[in-house]
Amino acid sequence: MPIDPSKFRPATRLVQGGVQRTGHGETAEALFLTSGYVYDSAEQAEGTFNGSVEHYQYSRFANPTLTMLEDRLCLLEGAEACRTTATGMAAVNAAMLAHLKSGDRVVASRALFGSCHWIVSTLLPKFGIATEFVDGADLAQWRAALAQPANLVLLETPSNPMLELVDLPAVADLAHRAGAIVVVDNVFATPLLQRPLELGADVVVYSCTKHMDGQGRVLGGAILSSKKWIEETLQPFIRNTGPTLSAFNAWVLLKGLETLALRVDASCRSAASVADFLATQPNVSRVWYPTRSDHPQHALAAKQMRGGGTVVTFEVAGGKDGAFAAMNGFGLIAVSNNLGDSKSLATHPATTTHMRVGEVERARLGITDGVIRLSIGLEDVEDLKDDLRQALAAARPQAAA
Ligand SMILES: *Cc1c(COP(=O)(O)O)cnc(C)c1O
């Protein structure tokens, strides 16, 4: 008898959820590398097209390997329905464009992933959609912006790279009163540490490229929401515009999910420990980590998150020179703009991921030239601290003799 994975805890769901075995009884999920499907008869084809028969039709619309991944993600998130996409950006874009039309209004937190910021600031206005940014941590700004009717709210919490939090229940309440749906980019928290749908969000989006693959191999995205919104609003958009995930990448992601709970748990523990270690270093002027008592929103983190996440952000004294000296001194930690990988990665946001947002916006976001974003992987945490210790020591301005 097939098991019902919804009876199990998250780590079990990640291994057993969504599995659909073929008649061969394979242990691992089957990889359906097929673009199309054949029918037993012309009548079955007709029925598939008119909806009276359930049958796969074309892999731009659905594919059994993707279905397994989508079902597993639903079980993890506690969502009714899911669609996957080729990248995280395709997920954000599809969720927004499927829902919005000319004349609509979007309110977004300013601290968004660079390409999400571009969609709101540059793409949507081209189609006659009004957009407004607010400081995500400031409820008064959300209240003011949502005093007028709106159609969609987009936010990221914790944000990239400054790990600023948005009060999800409070903003969801304001958004719903304004007539807007709430779309949460939950990449930094992962579905294991924060469940936005339970906190009032309507749609959750992921870049599966990050922790879900977690081993730096494939790109992918996911959108989770109610069955009604996915089927009526999102599915026609995906079906007809084709941001579809490849079956191979879906299969890699299914295998990645099997170890997600182990990996996120280990990286989180190391990240919290690295954050405390960095705070003791003389040329580190500030550390941001959501569950540390010096994070301005740690009380909110305790309320809506089950852990601080796998990213630590810190500021090195000496601005860009200090940050570059530290980064160039890393032996183990690699310089990269990715995150959520088993390998620990360091980013200098001001000159890479956030170069394009401009100096004024960077200042508003608190991204100074000394800020480094550290994505903590699966190495032994003591090796990471050793690497940070020697790189920071080398970056320290030599005391006058
Ligand atoms: C990486 C990322 C994205 C974009 O995902 P891709 O898979 O690179 O397209 C969107 N939002 C956040 C918060 C991200 O970290």
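Provided above is the structure to which this section pertains.
Starting from 1, residues in each chain are numbered consecutively following that chain's sequence as written. Totals for whole chains, interfaces and linings use every residue, but because this is a predicted model, local features are given only for residues with pLDDT of at least 70 and side-chain atom pairs only at 80 or more, for both listing and counting. The basis for every side-chain value is the complete set of heavy atoms in the structure, and neither hydrogens nor water enter the calculation.

Q: What exactly am I supposed to notice about the pattern of salt bridges here?
A: When the charged atoms of two side chains lie near each other, side chains of opposite charge can form a pair. Throughout this description, the term salt bridge denotes a Lys or Arg side-chain nitrogen within 4 Å of a carboxyl oxygen of Asp or Glu. All chains considered together, the criterion is met by 19 salt bridges. As a salt-bridge pair, Arg 72 and Glu 258 come within 4.0 Å of each other at their nearest N and O atoms. In this pair, Arg 72 is assigned in helix 3 (residues 64-77) and Glu 258 in helix 10 (residues 247-258), connecting sequence segments 186 residues apart. For Glu 258, a relative accessible area of 24% puts it in the partly exposed group. When the shortest N-O distance is used, the salt bridge between Lys 385 and Glu 382 registers 3.5 Å. Here Glu 382 and Lys 385 lie together in helix 15 (residues 381-395), a separation of three residues that amounts to about one turn. Only protein chains enter the accessibility calculation, which uses a 1.4 Å probe; a residue whose area is less than 20% of its type maximum is buried, one above 50% is exposed, and one in between is partly exposed. Classification of Glu 382 by relative accessible area gives partly exposed; the value is 41%. A network of salt bridges, in which partner residues are shared, links Glu 29, Arg 72, Lys 255 and Glu 258. Numbering of helices and strands runs from the N terminus; a helix is a DSSP stretch of H or I covering at least four residues, while a strand is a stretch of E covering at least two.

Q: Is there a simple way to explain the site of the ligand in this structure?
A: We call a residue near a molecule or strand as soon as one heavy atom of that residue lies within 4 Å of the molecule or strand. Around the ligand, a shell composed of Thr 87, Gly 88, Met 89, Phe 113, Glu 156, Asp 185, Val 187, Phe 188, Ser 207, Thr 209, Lys 210 and Gly 220 is seen. Polar contacts, as counted here, are pairs of nitrogen or oxygen atoms within 3.5 Å of one another; within protein the pair requires one atom able to donate a hydrogen and one able to accept it, and residues that are adjacent in sequence qualify only if both atoms are side-chain atoms. Separating an oxygen atom of the ligand from a backbone N or O atom of Gly 88 is a distance of 2.8 Å. Interatomic distance of 2.8 Å between a side-chain N/O atom of Ser 207 and an oxygen atom of the ligand. For the shell around the ligand, the residue count by class is four nonpolar, five polar and three charged. The nonpolar class holds Ala, Val, Leu, Ile, Met, Phe, Trp, Tyr, Cys and Pro. Asp, Glu, Lys and Arg form the charged class, and all remaining residues, Gly among them, are polar.

Q: Whenever I open this one, the sheet that holds strand 8 (residues 284-288) confuses me. Can you help?
A: Each strand in a sheet pairs with another by means of backbone hydrogen bonds, the pair being arranged parallel or else antiparallel. Strand order in the open sheet formed by five strands is 8-9-12-11-10, with mixed pairing between adjacent strands. A strand with exactly one partner marks an edge of an open sheet, and here the two such strands are strand 8 and strand 10 (334-335). At least two DSSP bridges between two strands are required for those strands to pair. Two elements, strand 8 and strand 9 (residues 311-316), share four bridges in a ladder whose sense is antiparallel. Bridged to Arg 286 within strand 9 is Glu 315. Across the sheet, helix 13 (residues 319-329) touches strand 9, strand 10, strand 11 (345-347) and strand 12 (371-375), and the angle it forms with strand 9 is around 125°. Residues are treated as being in contact if the distance between any of their heavy atoms lies within 4.5 Å. For helices, the fitted axis covers only the stretch in contact; all axes are lines through C-alpha atoms, and the angles between them, taken along N-to-C directions, range from 0 to 180 degrees.

Q: Any chance you could explain the nonpolar core here in plain terms?
A: One broad rule of soluble globular proteins: the nonpolar side chains tend to lie buried together. Judged by nonpolar contacts, the single largest core of 54 residues is most densely connected at Leu 278, Phe 314, Leu 374 and Leu 388. Of the residues forming this core, the biggest block, eight residues, is contributed by helix 11 (residues 260-278). Taken domain by domain, the makeup of this core includes at least three residues from each of domain 1 (9-257) and domain 2 (260-400). Excluding anything up to four places from it in sequence, Leu 388 contacts Val 274, Phe 277, Leu 278, Phe 314, Phe 330, Ile 333 and Leu 374. In this description, a nonpolar core means a group of buried Ala, Val, Leu, Ile, Met, Phe, Trp, Tyr and Cys residues linked to one another through side-chain atoms lying within 4.5 Å. Counting 30 residues, the second largest nonpolar core, distinct from the first, contains Ala 98, Leu 100, Cys 116 and Leu 123. Throughout, the edges of the domains are those of an automatic or database domain assignment.

Q: Just checking my understanding: could you explain unusual backbone geometry for this structure?
A: Both trends apply: most residues other than glycine have a negative phi, and most peptide bonds are in trans. Of note, the bond from Thr 157 into Pro 158 is cis; its omega dihedral lies within 30 degrees of zero at -5°. One can find Pro 158 in the loop between strand 4 (152-156) and helix 7 (168-177). In this structure, Thr 190 is a non-glycine residue whose phi angle is positive, near 65°. Tracing the backbone through its elements, the reader meets Thr 190 in helix 8 (residues 190-193).

Purely spatial values, then, with no claim about function.
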